Amino acid sequence: GGGVGGEAGDAFAGRRDGPSPSSSSPGTPSPSRSLRPHRRSSKAEAAAAGLSPGELKLRKWRRMLDRDRVCTKTEITGSLPPGTRRVPLAVSAGGPANGGAVDSVVVPAASSSPSPGGPAAGTGAGHGNGNGASHGGTGAPVQKGDSGFIKEKKRRLCRRVRKGIPDELRGIVWPLLSGGRQLLLQNPGVYDHLSLYESSTSELDIVRDLNRTFPGHVYYMQRHGPGQRSLYNVLKAYSVFDRSVGYVQGMGFITGVLLLYMCEEDAFWTLVALLKGAVHEPMEGVYQEGLPLLQRYLFQFDGLVTSFLPRLARHLKEEHIVPTMYCSQWFITVFSYTLPFECLLRVWDIFLFEGMKVVFSVGLELLQCEEDNLLQLNFENLVQTLSGKRFDIPTCHK
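What counts, and where the lines are drawn
Residues numbered from 1 in each chain as written. Predicted model: local features only at pLDDT ≥ 70, side-chain atom pairs only at ≥ 80, totals over all residues. Heavy atoms only, no water. Helix = DSSP H or I, 4+ residues; strand = E, 2+ residues; numbered from the N terminus. Buried < 20%, exposed > 50% of the residue type's maximum accessible area, 1.4 Å probe, protein only. Contact = heavy atoms within 4.5 Å. Areas by Shrake-Rupley, 256 points an atom, 1.4 Å probe, with all protein chains shown as cover. Salt bridge = Lys/Arg side-chain N within 4 Å of Asp/Glu carboxyl O. Phe/Tyr/Trp six-rings, centres within 6.5 Å; stacked < 30°, edge-to-face > 60°. Polar contact = N/O pair within 3.5 Å; in protein donor to acceptor, adjacent residues only side chain to side chain.

**A short note on the overall build of the chain**
Okay, step 1: When helices and strands are counted, the chain shows 21 helices and 4 strands.
Okay, step 2: Taking all 398 residues of the chain together, the buried fraction comes to 47%.
Okay, step 3: The long-range share in the chain, meaning contacts at least 24 apart out of those at least 6 apart in sequence, stands at 73%.
Okay, step 4: Here the chain displays about 19700 Å² of accessible surface, and carbon together with sulfur accounts for 53% of that area.

Set out below in structure tokens:
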């Protein structure tokens, strides 16, 4: 498949196939390799500094964040940043909060409007971006813009994210990677208005699903406890913010992971950034009526399994197993329901930086690690194994 699926397949193939035959032999270094500066391993560098590898990683991340001053509130000018637009924010019959001060919201330019009161995307009408320019519904797609934090340190950041973000800094780095922090700064007071002064038709559905979201996690275990209250507030606010999507059960797992590392307002705008596509492709199609984006992802994933795991693909076809039966929740919850928590966090580090192609790559890796076992199973056991939780990290990655 093309697009996200194609990128994931290329990454999976490159990892599996190793170096190309045309590369130089180990005994003959290539000219480009000989010019590269020698890089010490993390363990050697940590030993030289008298630190543990974890302490050294934390120090490097803090230096990068402090140097780029990303922890401070940046100046917000009257003009909107490139790649965003301002749309009206629909309010309930009770009227807007703060005497009508919150009547519009800044969203990524390529996304649809957050509520029925705003202009719809793809209608052919132009949308002002605050700088005198407008984007027509049938014009060229708007290019996604990285935050300054990502753009300036792309290669270094990629290397460090793949090594794992320190747990103490995930609450800072995740909103920066996703674009949620920028949206928060561009929309002061909007979250409080949505959560306190608006009502949603999905409130009863959200309350019913609270006990089903991470029921074994200590933060969400207590009924009507602080974890469940925060989860309700964020999900209710988003169902008001984007009434075309409203609330879908899988959104609770996405929000639940975010709330473990950040406050409600940060979690809300990070959720908006993911679904509206502040940096990567918008995820809202996974939750919209008819699940149009999910259907495309399942079609692409089926093609990738056929290309890279042909034996397993034939076996699944013989047993009449289709991707809808086992990997829908992988895309809807980004493995929040499937992977053990310590493994899930590492996947999310990379997912927030690289986008949905990570879900394809991790899904293929899971199937490859379990391929020998899956080839021995019949229909009932296949469905149970493929769609079940993984209680341990795959053996090949320990």
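So, next bit.
**Looking at the pattern of salt bridges**
Okay, step 1: Summed over all chains, the structure comprises 14 salt bridges.
Okay, step 2: Across the pair D205 and R208 runs a salt bridge, and its minimum N-O distance is 3.1 Å. Of this pair, D205 and R208 both sit in helix α10 (residues 203-209), separated by 3 residues, roughly a single helical turn.
Okay, step 3: Residues R311 and E371 are paired through a salt bridge, measuring 4.0 Å at the closest nitrogen-oxygen approach. A residue pair is termed long-range when its members are at least 10 positions apart, and R311 in helix α16 (residues 310-318) and E371 in helix α20 (residues 371-374) qualify at 60 residues.

**Concerning the packing of aromatic side chains**
Okay, step 1: For the structure shown, the criterion picks out 21 aromatic pairs.
Okay, step 2: On the numbers, 6.0 Å between centres and 80° between planes, the contact of F241 with W269 is edge-to-face. Taken as a pair, F241 in helix α12 (residues 226-241) and W269 in helix α14 (residues 264-276) lie far apart in primary sequence, 28 residues in all.
Okay, step 3: A residue is classified by how much of its surface remains accessible, and F241, at 0% relative accessible area, is buried.

**Some details on the environment of Y219**
Okay, step 1: Looking at the element boundaries, Y219 is found in helix α11 (residues 218-221).
Okay, step 2: Y219 gets classed as partly exposed once you look at its relative accessible area, which sits at 30%.
Okay, step 3: The spatial distance from the C-alpha of Y219 to the C-alpha of G256 is 9.5 Å, given a sequence separation of 37 residues.
Okay, step 4: Once residues within four sequence positions are removed from consideration, Y219 is found in contact with P226, G227, Q228, S230, L259 and L260.

**Structural notes on the environment of R181**
Okay, step 1: Mapped onto the elements, R181 comes out in helix α8 (residues 180-186).
Okay, step 2: Given a relative accessible area of 18%, R181 falls into the buried group.
Okay, step 3: Sequence-wise, R181 and W269 are 88 residues apart; in three dimensions their C-alpha atoms are separated by 7.0 Å.
Okay, step 4: In this view, R181 contacts G171, P175, L176 and D266; residues no more than four positions away in its chain are not counted.
Okay, step 5: For R181, the side chain forms a polar contact with the side chain of D266, separated by 3.2 Å.

**Re the environment of S199**
Okay, step 1: Its location among the elements puts S199 in the loop between α9 (190-197) and α10.
Okay, step 2: A C-alpha to C-alpha distance of 7.0 Å links S199 and V240, two positions 41 residues apart in sequence.
Okay, step 3: Once residues within four sequence positions are removed from consideration, S199 is found in contact with K236, V240 and R243.

**Notes on the side chain of S230**
Okay, step 1: Looking at where S230 falls in the secondary structure, it is placed in helix α12.
Okay, step 2: Contact partners of S230, with chain neighbours within four places excluded, come to Y219, L259 and E264.

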